[in-house]
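Inside the fold
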Amino acid sequence: MTTTFKGGVHPAEMKELTSEKPFEFLPLPEQICLPLSQHAGKQALLLKKKGDAVRKGEMIAEPDGFISAPIHSPVTGKINKTTSIITLTGIRSEAVIINRSDIDEDDLMEPLNPVTVAREKIIERVKQAGIVGQGGAAFPTYVKLSPPPDKKIDYVILNACECEPYLTRDYRFLIEKTEEVITGLKLILKAAGVLYGIIGVEDNKPEAIKKLENVLRNEENISLKVLKTKYPQGAEKMLIKAVTGREVPPGKLPFDVGCIIHNVGTAVSIYNAVVKGEPQINAFLTVSGLGIVEPKNLIVPVGTPLKNIIDYCGGIKENAKKIVAGGPMMGFAQFDLNSPVTKATSGILVLTGKEAPGIKESNCLNCGRCLSVCPLDLAPTRLYKFSRFDKFEEAIDIGLQTCMECGTCTYNCPAGIPLVQWIRYGKRKSSALLKQKTN
Amino acid sequence: MSNSANQTVNVISGLELSSSPHVHSKFTTQQVMWLVNLSLLPALISAAVFFGLYQLVVIGVSCAAAVLSEIVVKIIRKSEITIYDGSAFLTGLLLGLIIPPNFSLTSAAIGSAFAIIIGKELFGGLGFNIFNPALVGRAFLQAAYPVAMTTWSKPNFAVDTVTSATPLAAFKFDKMITGIEPLIIGNVGGSIGETSALAIIIGGVFLIGIKIVNWRIPLSMILGLILFGSIFWFIDPIKYPNPLFHLFSGGFLLGAFFMATDWVTSPYTSAGMWIYGLLISLIIVVIRLFGGLPEGVMYGILIMNAFVPLINRLTHPKIFGEAK
């Protein structure tokens, strides 16, 4: 069976900066800033107003529609004001500023027994806890726990690839919270009514693999799949291909080939919600890069400003060039250290000029290095040219909308052409066109 | 606290805000071009060893003319001077290696200027040219100086029996076959940098090893040449040379490793590379065996250069997950 996919690249891993550092709790910040849009779909509806007291774990905003998730307060305190901010992923969102008080009071949900809990109860709990996927897209998790009844699901695949360089959060989960991960996976299996679970891990995590092998020895319906270390091995389509050999057709979902994929972090959140009654109020993240004084793995309350995190890690070095939320391949450059961490933030990187060189753009040499690494077998150079010259119809014909924007092409382009940026531009422009057409 | 906060706020004003990906592979166009230049060092040495130090002067003039022409064009077009990317130098170097020994300096300079101005810059510069510029320059010289382009010098260590003709011409016109050993070492007549198979293979394998040259193009050309050469050899081993002679004689290996593999003018799909390489070899064998000229590498590559956009289009891979 395949243990990887075709194409992809292998950037410098840089995981050694934090891989041996256990999670630490960040001291609670004095003030947090809680965006109401921390998930794909519609922003949550605020239930509180200025001056209201809130308790840790209390729901302060309710979901608005099918693809939305509630927001809970990560601290006990008082609502200072509401404001409008730009989130780490560059979306404008309403946000609530909460001033923390010293009262240590929480409002958690009732703990449930993971063995006896009913299927419907798990889904309901995941929904109540506001859990969103932690692989990057922040899709409300409960939706993925209830596949359409006409789809037969064979596997739940737990994504522990962590193929982005620098990030070691999922690795630390596997080492420090092995039981939680497994129990979380079992809860997902039960909720989704699926028999088999597979954990997909890249082969650059031997410690985690050893630990999992030990724990899984007595588990009959959960297996481990060791995959080649390669970016983007953790992309849904690539992971399904590597683990099952199945290919998700363009425009289709994992459901359509009998798979459900969840991130390791999501499994831990599900465990916390069911077993501890804790809503998703903490983010687990890797703070790394050669531009930060002391790289760490941290547990921080959602809504913590970047500033607090960077200060806790000793601050920024003089040669810092870029601050990125997420991994270096798909993360977002930041311009405001007051910006808050959200539920799906996986890392904060401070990169130096050496790490993020920013190559000067020159002409396309037709070298095909973008084609040879594109995991979806697209032609990035042609998509780029069509997008750049506004030939969106032609671009759509050759798969513009299929591109998952992993950035592999741009990473590998010797001419330094911002291929994926132009493709993103093309996707936005042409989806506006497609909308216009249907109207 | 407030102090360090101020510091971080200060730092952030200087931060870069470009979008992902934030990291990049180690290869840039400039590095690649200079590595290709470097990989031609063995061929350059073989040129000096077999045909004398004067050849280095010819090659030097060719390189200088290429670089200067590009500077002039860029100044006229009021665009950025790009000679540091090494591509103009490479064109000059390649052209210098595929002209006969003891070539006139003026003619070399003219050929090189033609290669850059007509072969490259007229199309819009690096990346936009359809034909390999060095081969365009050579085609021009072939037309402008037909005698000089077919006047071959004896290599330095030639024994008396070796004529000053190239092995391909000796076979074509006198049915004289040259042994494989001198062909591999390079002690035979031919263009300055193409006679030593060994020197070319060293450079070519280096480029394949560091993944600048895609192995499919040289391999498909070599397999194609052996296949088509063998067919005729089996038909009549007296009339047609054996495939190994085809492989090691003339400009085939230099063409296979350094000319046909030019990124700009070769296909970028894997299937396309196979088609392109096989067809170049077919043209070479046909010209060598049935054409008026002893050699066909230049024409084989230039002709197939013209088909590259079509080949790319026809061999486009299916998108991941689409019905195969």
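All figures in this text were calculated on a predicted structure; none of them were measured in a lab. (Residues numbered from 1 in each chain as written. Chains lettered and ligands numbered in written order. Predicted model: local features only at pLDDT ≥ 70, side-chain atom pairs only at ≥ 80, totals over all residues. Heavy atoms only, no water.)

**Some remarks on the UniProt feature "modified residue: FMN phosphoryl threonine" (unreviewed entry) in chain B**
What UniProt calls "modified residue: FMN phosphoryl threonine" (unreviewed entry) maps, in this numbering, to Thr166 of chain B. Of note, threonine 166 of chain B is situated in the loop between α7 (133–144) and α8 (167–174). (UniProt positions renumbered as here; feature names shortened; annotations may be inferred. Helix = DSSP H or I, 4+ residues; strand = E, 2+ residues; numbered from the N terminus.)

**Brief notes about the interface of chain A and chain B**
Contacts between the two partners involve 63 residues from chain A, matched on the other side by 44 residues from chain B. Interface of chain A and chain B: buried area, both sides summed, is about 4,500 Å²; carbon and sulfur atoms make up 60% of it. Counting the contacts that link chain A with chain B gives three salt bridges. Salt-bridge contacts for lysine 360 of chain A lead to glutamate 80 of chain B; the nearest nitrogen and oxygen are separated by 2.8 Å. (Contact = heavy atoms within 4.5 Å. Buried area = accessible area lost by both parts, 1.4 Å probe. Salt bridge = Lys/Arg side-chain N within 4 Å of Asp/Glu carboxyl O.)

**Topic: the UniProt feature "binding site: [4Fe-4S] cluster 2" (unreviewed entry) in chain A**
Residue and element names in this part refer to chain A. According to UniProt, the feature "binding site: [4Fe-4S] cluster 2" (unreviewed entry) maps to Cys374, Cys403, Cys406 and Cys409 in the numbering used here. The largest pairwise C-alpha distance within this set of annotated residues, which runs over 36 residues, is 10.8 Å, so the set is compact in three dimensions. Position of cysteine 403 relative to the elements: it lies in the loop between α11 (392–397) and α12 (408–412). Of the residues examined, cysteine 403 reaches a relative accessible area of 10% and is grouped as buried. Excluding its chain neighbours within four sequence positions, the residues that come into contact with cysteine 403 are Leu376, Leu378, Ile423 and Lys427. Structurally, cysteine 406 can be placed in the loop between α11 and α12. For cysteine 406, the contacting residues outside a window of four places in its chain are Tyr231, Pro232, Met329, Met330 and Pro375. (Buried < 20%, exposed > 50% of the residue type's maximum accessible area, 1.4 Å probe, protein only.)

**Thoughts on the domain arrangement of chain A**
All names here are of chain A. Each assigned domain of chain A is listed here: domain 1 (119–276) and domain 2 (369–438). Each of domain 1 and domain 2 has a C-alpha centre, and the two are 29 Å apart. Across the contact, six residues belong to domain 1 and six residues belong to domain 2. Overall, the association of domain 1 and domain 2 removes approximately 470 Å² of surface from exposure, summing both partners, and the carbon and sulfur fraction of that is 74%. Where domain 1 packs against domain 2, one counts zero salt bridges. Between domain 1 and domain 2 we count one residue pair in polar contact (both at pLDDT 80 or more) in total. (Domains from an automatic or database assignment. Polar contact = N/O pair within 3.5 Å; in protein donor to acceptor, adjacent residues only side chain to side chain.)

**A word on the UniProt feature "binding site: [4Fe-4S] cluster 1" (unreviewed entry) in chain A**
UniProt records the feature "binding site: [4Fe-4S] cluster 1" (unreviewed entry) for Cys364, Cys367, Cys370 and Cys413 of chain A in the present numbering. Over a stretch of 50 residues, the named residues converge on one spot in the fold, their C-alpha atoms separated by at most 10.6 Å. A relative accessible area of 18% places cysteine 364 of chain A in the buried class. Other than its neighbours up to four places away in sequence, cysteine 364 of chain A contacts Thr381, Lys385 and Ile417 of chain A together with Gly127 of chain B. Looking at the element boundaries, cysteine 413 of chain A is found in the loop between α12 and α13 (419–438). Using a relative accessible area of 8% as the deciding quantity, one classes cysteine 413 of chain A as buried. Discounting chain neighbours no more than four positions away, the residues touching cysteine 413 of chain A are Leu419 of chain A together with His24 and Phe27 of chain B.

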